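Structure assessment
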Amino acid sequence: MPSLKLDDEDFDVEGLEKAEYNEDDQRVPYQGPQPKKGTVLTGFLSKIWFIYNRKNDPMLKIIFEADEDSGFGGLEIWDNLTLNKASKFRWQPFLNATGLTLLDIKNRMKYEGEENAKLGWPVVKIARLKVGESAVINILTDRSKDNEGEWRNDIAKYMPYKPLDLDEDDEDEDDEEYEVEDDEEDEDEEVEEDEEDEEDEEEEEPEPAPRRKTAARSRGTRTAARPVARSSATRSGKPTRAAGSGRPKPSAKPAAGKKRRAHPDDPPF
């Protein structure tokens, strides 16, 4: 069986053995749950490189790492921010979320280490932003398929970091606001009940207006006058008038028999 031997130029044993490495760079592939599209994640900018793409446009290559409290601790999402006019909808939210400016990227980037042919220059600081766990930020997730047809996580938008938990003072203020809203609702209900009571009172028919009773006597019997049928006029307190007459219409006819004039001392039956 023939042996395969490598030249010293192709395989430098001494140089490889003396090479240094950082144990922190040994990343274990993420095996946890995957966030759904549209999930807001809190994390930090763990790595940033600066490079020029094939069209010679400046680009930032970014690795976002979700923190442990997000439920997706250790999840890494790669992103490429091309700094050209057509891609402003992508990089402007990044600047807004980090507080950086284009002049900061142009004049105030710091890097350490050597240039990587595929990734570019390893950036460690841009103006006041230090790359690493202190560069806390929120993102909105997206999902897409890679060149091999496998689903991957993407960054749809960068957002400023805002803690989701309220402190005690904020919770107390919220409780007071809700109490005020409850009181206002109770007042509104009382006003509605008062309005309904007023409407019920208006719908009740008023008592008929007092009217003069006519007493009549027939063969030693007294006949009381029949009440006049109520009408719209009676309800309003106005007497009913006969057609073509200016006097009020009598409320009842006297009983048949001999008529006599009512005496002033007779009781009103």
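Residues numbered from 1 in each chain as written. Predicted model: local features only at pLDDT ≥ 70, side-chain atom pairs only at ≥ 80, totals over all residues. Heavy atoms only, no water.

Before going further, it helps to spend a moment on the environment of Phe-94. Tracing the sequence through the fold places Phe-94 in helix α2 (residues 88-98). Using a relative accessible area of 0% as the deciding quantity, one classes Phe-94 as buried. Note: C-alpha distance between Phe-94 and Leu-81 (13 residues apart in sequence) is 8.8 Å. What Phe-94 contacts, discounting residues up to four positions off in sequence, is Leu-45, Leu-60, Ile-62, Leu-81, Leu-100 and Tyr-158. (Helix = DSSP H or I, 4+ residues; strand = E, 2+ residues; numbered from the N terminus. Buried < 20%, exposed > 50% of the residue type's maximum accessible area, 1.4 Å probe, protein only. Contact = heavy atoms within 4.5 Å.)

Even without glycine at this site, Asn-56 takes up a positive phi of about 65 degrees. Considering the arrangement of structural elements, one finds Asn-56 in the loop between β1 (40-52) and β2 (58-66).

Right, let's get into the packing of aromatic side chains. Across all of its chains, the model carries four aromatic pairs by this definition. Measuring from ring centre to ring centre gives 5.1 Å for Phe-94 and Tyr-158, while their planes differ by 75 degrees; the resulting arrangement is edge-to-face. Placement of the pair is Phe-94 in helix α2 and Tyr-158 in strand β8 (residues 151-159), with a sequence separation of 64 residues. The two residues Phe-94 and Tyr-158 agree in class, both being buried. (Phe/Tyr/Trp six-rings, centres within 6.5 Å; stacked < 30°, edge-to-face > 60°.)

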